Structures are given as structure tokens and as C-alpha cells.
Amino acid sequence: MFFFLPSFTFLLLRFLIRELTRDESSLARRKEEDNKLPSNPEEVEDFRRSSATNPLIVFTFDELRKITGNFRQDHMLGGGGFGSVYKGFLEDDIKEGIQPIPVAVKVHDGDNSQQGHREWLAEVIFLGQLTHPNLVKLIGYCCEDEHRVLIYEYMALGSVENKLFSRVLLPLPWSTRMKIAFGAAKGLAFLHDAPKPVIYRDFKTSNILLDPDYNAKLSDFGLAKDGPVGDKTHVSTRIMGTYGYAAPEYIMTGHLTPRSDVYSYGIVLLELLTGRKSLDKSRPPREQNLADWALPLLKEKKKLLDIADPRLGDYPIKGFQKAAMLVYHCLNRNPKARPLMRDIVDSLEPLQVAPEVLSQGTTLTLIADN
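Residues numbered from 1 in each chain as written. Predicted model: local features only at pLDDT ≥ 70, side-chain atom pairs only at ≥ 80, totals over all residues. Heavy atoms only, no water.

With that settled, the discussion passes to the state of the cysteines. What the rule picks out here adds up to zero disulfides. Distance from the sulfur of cysteine 142, which forms no disulfide, to the nearest cysteine sulfur (cysteine 143) is 7.3 Å. Since its relative accessible area comes to 3%, cysteine 143 is described here as buried. (Disulfide = S-S within 2.5 Å. Buried < 20%, exposed > 50% of the residue type's maximum accessible area, 1.4 Å probe, protein only.)

Moving on to the pairing of strand E4 (residues 101–108). Counting buried positions along E4 gives six out of eight residues, so the element sits mostly inside the fold. In the sheet, E4 pairs with strand E6 (residues 147–153) via five bridges, with the strands oriented antiparallel. Directly across from lysine 106, in E6, lies its bridge partner leucine 150. (Helix = DSSP H or I, 4+ residues; strand = E, 2+ residues; numbered from the N terminus. Pairing = 2+ DSSP bridges.)

On to the nonpolar core, then. Counting 82 residues, the largest nonpolar core has Leu218 and Tyr265 as the members making the most contacts within it. Counting residues per element, this core draws most heavily on helix H6 (residues 174–192), which supplies 10 residues. In contact with leucine 218, other than residues within four places in its own chain, are Asn134, Leu135, Val136, Ala184, Gly187, Leu188, Leu191, Tyr200, Phe203, Asn207 and Ile208. Formed by 16 residues, the second largest nonpolar core is a distinct cluster that contains Phe61, Phe71, Leu90 and Ile139. (Core = buried A, V, L, I, M, F, W, Y, C linked by side-chain atoms within 4.5 Å. Contact = heavy atoms within 4.5 Å.)

Moving on, we come to the confidence of the model for the protein chain. For the protein chain, per-residue confidence averages 84 on the pLDDT scale, and 81% of positions sit at 70 or higher. Below pLDDT 50 for its whole length, residues 1–13 participates in two contacts with residues either more than four positions away or in separate chains. (pLDDT = per-residue confidence, 0-100.)

This part takes up the pattern of salt bridges. In the structure shown here, the tally under the stated rule is 12 salt bridges. For lysine 204, the salt bridge identified is with aspartate 202, shortest N-O distance 3.7 Å. Accessibility expressed as a relative area gives 17% for lysine 204, which makes it buried. The buried category is assigned to aspartate 202, whose relative accessible area is 10%. A salt bridge links glutamate 249 to arginine 338; the shortest N-O distance between them is 2.8 Å. Pair noted here: glutamate 249 is in helix H7 (residues 248–253) and arginine 338 is in the loop between helix H10 (317–330) and helix H11 (341–348), with a separation of 89 residues, a long-range link. Judged on exposure class, the residue glutamate 249 and its partner arginine 338 are both buried. Each of Lys106, Glu123 and Asp220 takes part in one network of salt bridges that share partners. (Salt bridge = Lys/Arg side-chain N within 4 Å of Asp/Glu carboxyl O.)

Structural data, given as C-alpha cells:
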């Protein structure tokens, strides 16, 4: 007996079979690549030799126990899907000739999954060849048995996420928010304009860390990718990142470009202006997605100031309007219409003002609801 499928159903079936075959082929290729990944310090250093410009210290796991007080719970700075981060202190009795400094020790989960190993290795490779004031400094790593650990410079003020959305700490003033936006923009611009362009892919407030002077530095390069080169317009990759920050065209197609980072940057700048999270289920349904709520208001100059964080305090009206228009352009649905990060840096530079200067211009004071 023969069954005749309608043409559309037949084509759909062919498409699904082709995609399944492609996925299986891709999975087999990925497994083959995973087997070639370095799995000990000698292999890692050999892997780094072709591109590394920054010397990194190779630590043993026992040395990391001493640095962190045996990973004491009261030394834990935070955690996530990757594992946990601990504060430690690097002294010269652990590594001879090392200047004593506080460090952050990022311990990846012990399951040593291939994806976890890939992300760990990506950080070692990218931060082992990139140096910039707005990128967190990688000091060294540990690759011993199942342990995958990264040792960074310690960032005393933690993440922008914790500072911006805390209801216990004092709210960040306008000048500090613009300083953070400027520093983060310079970090992304450096990556995009590097001789071998890098797409960060996971730009969000939790990945921007602050030093004691509120200088912003990008951290967590686990999802970073080499950007397109030559006549290539994009990089095709598995869809990874954080919903609420990821560019819509990347979510739909898996096509990654530097303009994907620009969209994410627009979301972070919007969070700095509004004091709202990119996604917030505690708000009314129409306000839960920050971009969906804010974009219609950004189009109307009379309603523009309605999006301002009530806890912002004094801020220059024209400066706020300029930053809001920058957000609007960053969130353009057409990636090619979004500005380049270097142009965003140029736009933000005039908005860098000392707190005492605010009182000399036209400002608006908002008072938060009790």
C-alpha cells in the first residue's frame, strides 16, 4: 500500500530529516573536537603558544586550597551555572616572586563536562591574549585531574547587577552609571576592533565587575567567539547566552555578529537608566520584558523621562535623553542599523561628568516612592 503525503507535509518531513542528520553530524564532529581539547597544563600551554601574549601562572589544586583557606564558605563571593567563586590571597610563599594580592578564584563544577571544559578553556585562551583596562585580568589557572579553575584579579565592588538592583545599598548616582556604561562600552569596542575580532556573546550586568573606583571590567569569557573575518558576515553557532539580553536575530538564526553584542549593550544601558531588570516576573505582565516596555516610550520625547529610575536622584535632562536615544538605536531590530561600539564610546564620552558638575546644569530630581 502506498501513502501520498501532501506536498507541504512531505517537504516539512524532508526538512526535519535533513536537520536531524545535520545535528547528528554536528554532534559527531563536536565529540571529535572535544577529544582533541587540551586536558593538562602542558597541553594547555602548548595550545596557547600560537596566540598567547600574557604569561599565566599554572597553579596546583593544593596551592588553591591554601589561597582560599580550603575554599571556606565565608570566602565565597558568589556562584552560578559554572560553579563557585571564592576570595583568596596570593602570597609569595605560594609562588616565589609573586607580589601579595587578593584574588578571585573561580572553580568550575566538578562534573568536568565537555561544555564546561570548553568554556573554561575559552577564558584561558581569550584572556591569555587580550589586555585592556576594561577587561578583568586573568592571573592564572589550574588544570589538574578533574579540576578546572581560573584565578583573576579581585574586583572589590562586585558586579554591576548587585550594585544596581540592591535595595539595601545606596542607589548608584547618574555620574557613576555613565562611568560604568562608558567603561563597559570601551571594553566591548576593544574586543570588536581587535586584529582578530572577538564577539563577547554574554554581555549582561552580572558579567560587568567593578573595582574600588567603579571602573567597569568585562569578566566571564566562557561564551566568547572569534568574530567573522574576510568576506564573512557572521559566525554560525549554537544559541547560547542569556534570554532578555540576547539579540532577537541571534535567537532566531544562530547567526552571531558584533552587532549582537551591541543589542545586549543597549539592554544593559537601559537597565542603568531605568533601574529595572531585563526580565522581571514580579512586575505587571506588560512590564516584565524591559525592552518591550521601554521601546514605545523611547519613541516619544514627552514620555522619555517616564522610564527614569525613581532612585536616580539628580541627573542632566539632555544627557538622559541622549543616553536613551542611544539605547533606542542599539535595540534596532535591523542589526545593520545598530551603531558600532566605537561610535557608542564616542557618544558616551560627553556624558562623563563629575558629580559636583551636575549642580551647575539643568537637572531633574526624582524622589523614590516609600
